[in-house]
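Secondary and tertiary structure notes
Here is how the chains run, residue by residue.
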Amino acid sequence: MKYLHALQLFTVLVLCRLPMVFSQHRVILTNDDGWAEAQIRAEYEALNDAGFDVVLSAPAENRSGTGSQSEDPTPRTEPCEFDSCPAGSPAVGFNETDPRLNYVNAFPVDSVRFGIQTLAPKFFNGKPDVVISGSNVGNNLNLGVLGSGTVGAAAEGSKEGIPSIAFSGATASHISFTSLESDPTSQDSIAARIYSSLIVTFVNKLLDGPGDILPSHTFLNVNFAPTDNCPTAESFKFIFTRLIPNPFVKDVNTCGKDHLPDETTTVARGCFASITPLDDRLKLDVGKEKQAQVLGRLNGLVSCL
Ligand SMILES: *[C@@H]1O[C@H](CO)[C@@H](O)[C@H](O)[C@H]1NC(C)=O
Ligand SMILES: *[C@@H]1O[C@H](CO)[C@@H](O)[C@H](O)[C@H]1NC(C)=O
């Protein structure tokens, strides 16, 4: 009887996993806060739990505010952030027990390049389906996107032809991934879990179905409001936005208007996640045709303010 139970359980497990094997989305996960940041590791777990095939490739330390800068990776002269690798470690390295966790001792742009060009062929036998950059520690709004390494990495992914999204969250501070376990009820740990859950929902929706995932030269900038008054992922609503407030430009027609709300105002208004499509060369708003394409893709996920 015991054996039968074990066999049944095994069969159920195998059957449950099978559909995931075929629909597994391949992700390069990066950021500018570093590979050992709590937020990126919470996402790594959440994406894995949701059946994604994830390889993390992020800077060895905090490289916030470095935009689209690039350099050749060099060996570490100091330990990686939060002592996550010893001084003297090679220019690129990985976690010995989980080689899908990789650091690159250079800028965010270099990390995402290494992910797409070197790690993806090795782990995926090809290109990733999507680049997820962030969620960043702190929002990246309005012209703030120009200096953001998280946004820089997403723009780079898009230039390399991979659908790319930059995520940023208001509630977060620079803390080690080990605090997710040691302090699971801290505000930052809880926020990291909430944002990770929202990212899983968002990326699943974006990648779902046939056709182009994003228009040419377009990536997405997604910002999450603080979690203070938004205790679960379900308390958030996704809103389609623009980067720069502009009452004179005609945007895609949605929610009864041809002007989109701007992301800065939207994120300040409550439990919202703003979604702004940006041009990967300019890091500025795209035109209404491309907005319409993105909005169509996200049909059913996006609410009106
Ligand atoms: C991360 O780097 C940025 C830019 O250099 C800096 O402003 C910030 O204070 C750094 N954060 C930490 C926790 O080191
Ligand atoms: C490496 O991975 C192991 C197993 O997942 C984990 O226990 C350890 O904390 C990780 N270390 C780093 C620096 O990622």
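A brief look at the structure comes next.

Conventions we followed
Residues numbered from 1 in each chain as written. Chains lettered and ligands numbered in written order. Predicted model: local features only at pLDDT ≥ 70, side-chain atom pairs only at ≥ 80, totals over all residues. Heavy atoms only, no water. Buried < 20%, exposed > 50% of the residue type's maximum accessible area, 1.4 Å probe, protein only. Helix = DSSP H or I, 4+ residues; strand = E, 2+ residues; numbered from the N terminus. Pairing = 2+ DSSP bridges. Disulfide = S-S within 2.5 Å. Contact = heavy atoms within 4.5 Å. Axes fitted to C-alpha atoms, helices over the stretch in contact; angles between N-to-C directions.

With respect to burial, strand 2 (residues 53–59) is a largely interior element, 7 of its 7 residues being buried. Relative to strand 2, strand 1 (residues 26–30) runs parallel, the two sharing 4 bridges. Residue pairing in the sheet places Arg-26 in a bridge with Asp-53 of strand 2. Bridge count for strand 2 against strand 4 (residues 101–104) is 4 bridges, and the pairing is parallel. Along strand 4, the bridge assignment pairs Leu-56 with Leu-101.

By the definition in use, this model includes 3 disulfides. By sequence order of its bonded cysteines, the protein has the disulfide arrangement 1-2, 3-5, 4-6.

Once that is clear, we can look at the sheet that holds strand 6 (residues 164–169). Two modes of strand pairing occur in sheets, parallel and antiparallel, and in both the strands are linked by backbone hydrogen bonds. Here we have 10 strands laid out as an open sheet, ordered 3-4-2-1-5-6-7-9-8-10, and mixed in their pairing. The open sheet has two edge strands with one neighbour each: strand 3 (92–94) and strand 10 (302–303). Bridge count between strand 5 (residues 130–137) and strand 6: 5 bridges; the pairing is parallel. For Ser-133, the partnering residue across the bridge sits in strand 6 and is Ala-166. Where helix 3 (residues 108–124) meets the sheet, its contacts fall on strand 1, strand 2, strand 3, strand 4 and strand 5, and the angle it forms with strand 2 comes to roughly 150°. Against the sheet, helix 6 (residues 187–207) makes contact with strand 5, strand 6, strand 7 (218–224), strand 8 (237–240) and strand 9 (272–279), and its axis sits at roughly 160° relative to strand 6, the strand it touches most.

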